[in-house]
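Survey of secondary and tertiary structure
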Amino acid sequence: MQTLPRSDSSLLVRSAPSSSPQWKQLVSALQRENADGFRAYVVPVDDPRWYRLSVDALRASVPVTEAQVLFVADELTLAAPEFPVLAIDLRGSGRAFRCIATELWSVENNLNLANMGWQEFAALVDSQGVYRGLNG
């Protein structure tokens, strides 16, 4: 079985073979600091080996790491204007929810620093299963 790259930062894996311009926009957006100086610390992975794999297959491909969450940019992520990235729990149940790109820093930072737990974020998703921020 192939494994994703080893990193103590969370990975952002592109699983959609289309939408190259949107992928570049997403990565660029995540690398910029917001008005408060926060940004997501993710390692982008764009390799055709990971295209179209299921959530379970991607989760199983993550090597042992300190990261608490795996982020996936699938077709839905790259087709929507807010880039609702799939966030997958690496430490617990393996459950997932979506998080808009502008709020991904909050999920990534707080989960990896153990400031907040998975259940706290999962409880804040909207009726569409998307996390839009603490006040969202």
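The structure this text deals with has already been given above.
About the thresholds
Residues numbered from 1 in each chain as written. Predicted model: local features only at pLDDT ≥ 70, side-chain atom pairs only at ≥ 80, totals over all residues. Heavy atoms only, no water. Helix = DSSP H or I, 4+ residues; strand = E, 2+ residues; numbered from the N terminus. Buried < 20%, exposed > 50% of the residue type's maximum accessible area, 1.4 Å probe, protein only. Contact = heavy atoms within 4.5 Å. Phe/Tyr/Trp six-rings, centres within 6.5 Å; stacked < 30°, edge-to-face > 60°. Core = buried A, V, L, I, M, F, W, Y, C linked by side-chain atoms within 4.5 Å. Polar contact = N/O pair within 3.5 Å; in protein donor to acceptor, adjacent residues only side chain to side chain.

1. What about the environment of V72?
Residue position: V72 is located in strand 3 (residues 69-73). With relative accessibility at 2%, the residue V72 sits in the buried group. C-alpha of V72 to C-alpha of V27: the two residues are 45 residues apart in sequence and 12 Å apart in space. Contact partners of V72, with chain neighbours within four places excluded, come to L12, V13, S15, L58, T77, V85, L86 and I88.

2. Overview of the packing of aromatic side chains
Evaluated as defined, the whole model comprises four aromatic pairs. Through successive ring pairs, a cluster of aromatic residues spans F97, W118, F121 and Y131.

3. Let's talk about the nonpolar core
Within the largest apolar cluster, 26 residues are counted, with the highest numbers of intra-cluster contacts made by L12, L26, F71, F97, L104 and V107. Of all elements in the fold, only helix 1 (20-31), strand 3, strand 4 (85-89), strand 5 (96-99), helix 4 (104-112) and helix 5 (118-122) reach the threshold of two or more residues within this core. V13, L58, L70 and L86 belong to the second largest nonpolar core, which has 12 residues in total.

4. Regarding the side chain of T77
Here T77 lies in helix 3 (residues 75-79). Taking the relative accessible area as the measure of exposure, T77 reaches 0% and is therefore buried. Polar contacts involving the side chain of T77 include one to the main-chain carbonyl oxygen of P84, which spans 2.9 Å.

5. Remarks on unusual backbone geometry
In this structure, R52 is a non-glycine residue whose phi angle is positive, near 65°. Along the chain, R52 falls in the loop between strand 2 (42-45) and helix 2 (55-60). Residue R52 is classed as exposed on the basis of its relative accessible area, which comes to 68%. With a phi close to 60°, A114 is a non-glycine residue in the positive phi region. Within the secondary structure layout, A114 lies in the loop between helix 4 and helix 5.

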